Amino acid sequence: MDIEVMATSAVKTSISMTAALTTYIAEKDKEPIWDGNVHVYSNSKKDLEHHKGRVPVQIKGKLVDKVNQDKITYSIRTKDLQSYLAEGGTIYFVVLIDRNIGDTKIFYVNLLPFEIIRLLEESKKQDTKNVILKPFPKINTDKVDIFFNFIRDRKYQQPTASTEKIFSLEDIVKQGSFKEINFGYTSSKISNDPFDYLFNNGIYIYAVTTLGTMYPVEHISQVEVASTEFSANVTIKGKIFYDSYRWEHWKTKEEFHFGKNVVMQINNELQETKFNVTISGTLTERINALEFYIDAIEAQNFFIGDIKVPLIIENPEELKLTDKIEHLGLLKKVKLAFENAGVKKDLNCDILTEQDENKIRFIIRAFVEYKEVTFNAEKDVFSSGYLTIANIRILITAQKQKSGAYILSNFFKSKLLIQKKDENGQFYNVSQCCILKKSDYQKVDNIDYEFVYNDIIQYPLKDEYENDIIYMLFDMLSAYDESNNSDLLELAVKISKWLVDKIPDNLICKMNYLQVKYRKSTLSVNDYAWLKEHIKNVETPKDQKLGCAILLDKFELCDFLFEDFTEDEKEYFSQYPIMNLWNYKINKME
């Protein structure tokens, strides 16, 4: 049994069946490395005018017990790979031959410069490298397309072959020469479906430089799914549920995805349509998905833009629509509970624990059904505390009833009596919001900024209360500097402006107001003039001078003034939020 003759004959016979390929392959008188060439033509005339190019081929035979395999691995000498690279590439064939009955099956791999360089890099100077080969197609147009695209990609990969280096997209972008991404293919088929090609063949992704040079940056062996996002309103009876959708084209089916939960699947082989909903994502996403799904089933259609999409449900009982309607009702009740608690943030239902679900039942009872709840609390009359559910943190108050149970309320809808002692031991009333700390401004999700402001300004502004508010401002600004919450900054603007209007001669209040304005980039000419005058005044305390220098962006002066502080003074000043502005500017300059 002459293995090489049988292998060569099998490849020649397969290629000869095409109209656009001609083999020049010797079965005995071989070239040093290649077994010959395949000449490629654009049509069946096979004349010089329609000659597209020549493709070197290498053919190997291998005796096996079973030829019916999906893919094979074959060992190629690295020095042969280097020769193929110098030639610009080759198509490598391995023919499996059944040792018992002589049946054959042809496998191949396109060895283009990108792939050869990658194989050589992986070989790490070994003598051989294992390569994966896939079955050579039986359809003649598919065979021709392999050679068409080999010639196409070989042309585009000439720069890579000459440099013998693979450049990543990041490399090309860093060089400043990146223009665009390019990929494509050539086909001999009259009915040319791009998806049919992509699902059955590999393609190269090229980075195109500003000079028009193309470098392969990735090879996709076979596309599994092609996906496209479309902007279009998805509606039922005029109600918009989604403003976009994703279309996915698979080898045997098409899918239309609405949000992350609803999918309409069309199976092209079975001529079957399925309409499914899964329950995942945030509370809002789940409610919207269920409403869309239920409404679509009941209307038996929906619209994508102006296109009506009919829904024909053959076995509606399998949809368990009653269960879904019941679940939707529960989700809406959960949403109402959070809204009544003052929460605007969306609940991430994907991270709910069993304990969280118990807490949800707890707040439904308190904020929807307005019933008493029972839990362990240290205080007998009023208490305030946090209720954390998944990604939501709620600040609540609890009023103990004669029954021993509690009435829960939104902290920002409650009225609490908060008192402090002045230096003379006398009690004075303060805003209940004085108990809020920096972490509350960052983490509490039912905070009502309008309530905070109105509650603060309703109390007499005595010296002690003034200091309470100043420290509140410090917490607000420190929280803002870490969260960049614009609503929080607006609250700080209103409070600091109110303080300045109430006590215009208080320099600390003035400095706080200006550092708030600095964060909003709204310092005026008069503000800058005041800062310059204040920094020159010999009676200005050194910590306020440093604050002025920071707001004026005079960082050399800041260093000079800060060096005059004691270590304790430095540590104390570093706790002020105005220090964040200095640190931010320094880091930005570096």
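Source: prediction; values computed, not measured.

(A) Structural context of the overall build of the chain. Along the chain, the regular secondary structure elements total 20 helices and 22 strands. Against the globule reference of 25 Å for 590 residues, the chain gives a C-alpha radius of gyration of 37 Å, more extended than a compact globule. Overall, the C-alpha framework of the chain stretches about 115 × 70 × 45 Å when taken along its three principal axes. Looking at the 590 residues of the chain, the share that counts as buried comes to 46%. Carbon and sulfur atoms make up 48% of the accessible area of the chain, which amounts to about 32200 Å² in all. Distance between charge centres in the chain, computed from 76 positive and 88 negative side chains, equals 2 Å.

(B) Region of interest: the pairing of strand β6 (residues 104-111). The pairing of strand β5 (residues 90-98) with β6 spans eight bridges and is classified as antiparallel. Note on β6: the bridge partner recorded for Ile97 is Thr104. Where β5 hands over to β6, the hairpin turn is made up of five residues, of which Gly102 adopts a positive phi near 80°. Pairing geometry for β6 and strand β7 (residues 128-135), over two bridges, is antiparallel. Its bridge partner lying in β7, Phe107 is registered against Pro135.

(C) Spatial organisation of the layout of surface pockets. Its boundaries defined by the atoms lining it, the largest pocket holds a volume of some 720 Å³. For the largest pocket, the lining is made up of 28 residues, of which Val109, Ile132, Lys134, His219 and Ser221 are closest to its centre. When residues of the lining of the largest pocket are traced back to their parent elements, those giving at least two are β6, α3 (113-123), β7 and α4 (140-156). Split by residue class, the lining of the largest pocket holds twelve nonpolar, eight polar and eight charged.

Conventions and cut-offs
Residues numbered from 1 in each chain as written. Predicted model: local features only at pLDDT ≥ 70, side-chain atom pairs only at ≥ 80, totals over all residues. Heavy atoms only, no water. Helix = DSSP H or I, 4+ residues; strand = E, 2+ residues; numbered from the N terminus. Rg over C-alpha atoms; globule rule 2.2 N^0.38 Å. Buried < 20%, exposed > 50% of the residue type's maximum accessible area, 1.4 Å probe, protein only. Areas by Shrake-Rupley, 256 points an atom, 1.4 Å probe, with all protein chains shown as cover. Lys, Arg positive; Asp, Glu negative; His and termini not counted. Charge placed at Lys NZ, Arg CZ, Asp CG, Glu CD. Pairing = 2+ DSSP bridges. 1 Å grid on protein atoms, 1.4 Å probe; cavity = no way out; pocket = protein on both sides within 12 Å on 5 of 7 lines; lining within 4 Å. Points joined across faces, edges and corners; volume = space filled by probe spheres on them. Nonpolar A, V, L, I, M, F, W, Y, C, P; charged D, E, K, R; others polar.

Structural measurements only, silent on function.
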